[in-house]
Amino acid sequence: MAEFDPVAMLRVLYAHRVQFLIVGGIAARLRGAPLLTQDMDITPAPDRANLERLAGALKDLDARLRTAAEPNGVSFPFDPGLLEHPNVWTLITTHGDLDLVVSPSGTDGYRDLIRDADELKVATEPDLAVQVASLADVIRSKEAAGREKDRAALPLLRRTLEEADG
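Residues numbered from 1 in each chain as written. Predicted model: local features only at pLDDT ≥ 70, side-chain atom pairs only at ≥ 80, totals over all residues. Heavy atoms only, no water.

### Some words on the pairing of strand β5 (residues 96-101)
Successive side chains on a regular strand alternate, one facing one side of the sheet and the next facing the other.
No. 1: Within β5, 6 of the 6 residues are buried, leaving the element largely enclosed by the surrounding structure.
No. 2: Bridge count for strand β2 (residues 39-44) against β5 is 4 bridges, and the pairing is parallel. Pairing of Asp39 across the sheet is with Asp97, part of β5.
No. 3: As judged from the 6 bridges shared by strand β4 (residues 88-93) and β5, these two strands associate in the antiparallel manner. (Buried < 20%, exposed > 50% of the residue type's maximum accessible area, 1.4 Å probe, protein only. Helix = DSSP H or I, 4+ residues; strand = E, 2+ residues; numbered from the N terminus. Pairing = 2+ DSSP bridges.)

Written as structure tokens, this is what we have:
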């Protein structure tokens, strides 16, 4: 399993000029929630040219489908047409786990989430800024997903949002 390095993933995505926003646990963490996560979730802009750039970035990241049966992942030819259809692609890359979440639960995807997203600087990389979903949208998505791990995180996320608004 590759060591988790989200900054290295971001650098590859930016080198390919992929438009996306960070969602999920990393978004919550960048918004001040003390959540631990070992993967990065992104929602790409759905236009064909962007998905072509994303496919190139996935190739450079040596992205493979993450499965329980194959710890090193399964090779898969990422095609822009395929990337627009499934809701979630769970991947392993040379820099750790990356999930492509086309339409996070409870949202209408990129165009919905980008409205309340902000561009945030990555603290360790002053020249790197990323679009990050709002904490309210992360909460909305986790509520809609209803998974046990999401339900467990909700009190902490709500408290973080209250403190940020207070």
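Alright, that's what it looks like, and here's the rest.
### A closer look at the environment of Pro80
No. 1: As for its placement among the helices and strands, Pro80 is situated in helix α4 (residues 80-83).
No. 2: Distance in space between the C-alpha atoms of Pro80 and Gly56 is 9.3 Å, their sequence separation being 24 residues.
No. 3: The contacts of Pro80, once residues within four sequence positions are left out, are Arg48, Leu51, Glu52 and Ala55. (Contact = heavy atoms within 4.5 Å.)

### What to know about the nonpolar core
No. 1: Formed by 47 residues in total, the largest nonpolar core has its most connected members in Ile22, Met40, Leu58, Leu83, Leu100 and Leu157.
No. 2: Ignoring sequence-local partners within four residues, the contact set of Met40 consists of Phe4, Pro6, Met9, Leu10, Ile22, Ile26, Asp97, Leu98 and Asp99. (Core = buried A, V, L, I, M, F, W, Y, C linked by side-chain atoms within 4.5 Å.)

### Quick look at the packing of aromatic side chains
No. 1: The final tally for this structure, using the stated rule, is 4 aromatic pairs.
No. 2: Arranged with centres 5.4 Å apart and planes meeting at 50°, the rings of Phe76 and Trp89 form a pair that is tilted. Within this pair, whereas Phe76 is found in the loop between β3 (64-65) and α4, its partner Trp89 is found in strand β4, the two being separated by 13 residues in sequence.
No. 3: A network of ring pairs unites the aromatic residues Phe76, Phe78 and Trp89 as a single cluster. (Phe/Tyr/Trp six-rings, centres within 6.5 Å; stacked < 30°, edge-to-face > 60°.)

### Structural notes on the pattern of salt bridges
No. 1: According to the stated counting rule, one finds 12 salt bridges in the structure shown.
No. 2: For Asp97, the salt bridge is made with Arg66, and the minimal N-O distance between the two is 3.7 Å. One end of the pair, Asp97, is in strand β5; the other, Arg66, is in the loop between β3 and α4, and 31 residues separate them in sequence.
No. 3: Judged by its relative accessible area of 11%, Asp97 falls in the buried class.
No. 4: Arg140 is paired through a salt bridge with Asp137; the nearest N and O atoms lie 2.8 Å apart. (Salt bridge = Lys/Arg side-chain N within 4 Å of Asp/Glu carboxyl O.)

### A closer look at the packing of helix α6 (residues 135-145) against helix α7 (residues 148-165)
No. 1: Packing of α6 against α7 leaves a shortest axis separation of 10 Å and a crossing angle of 155°. Our classification of the angle between α6 and α7 gives roughly antiparallel. As for how α6 packs across α7, the hand of that crossing is left-handed. Contacts between α6 and α7 pair Leu135, Ala136, Val138, Ile139, Lys142, Glu143 and Ala145 from the former with Asp150, Leu154, Leu157, Arg158, Thr160 and Leu161 from the latter.
No. 2: When grouped by side-chain class, the residues that make up the contact of α6 with α7 number 8 nonpolar, 1 polar and 4 charged. (Axes fitted to C-alpha atoms, helices over the stretch in contact; angles between N-to-C directions. Parallel < 35°, antiparallel > 145°, perpendicular 65-115°, else oblique. Left-handed = near helix turned anticlockwise from the far one by under 90°. Nonpolar A, V, L, I, M, F, W, Y, C, P; charged D, E, K, R; others polar.)

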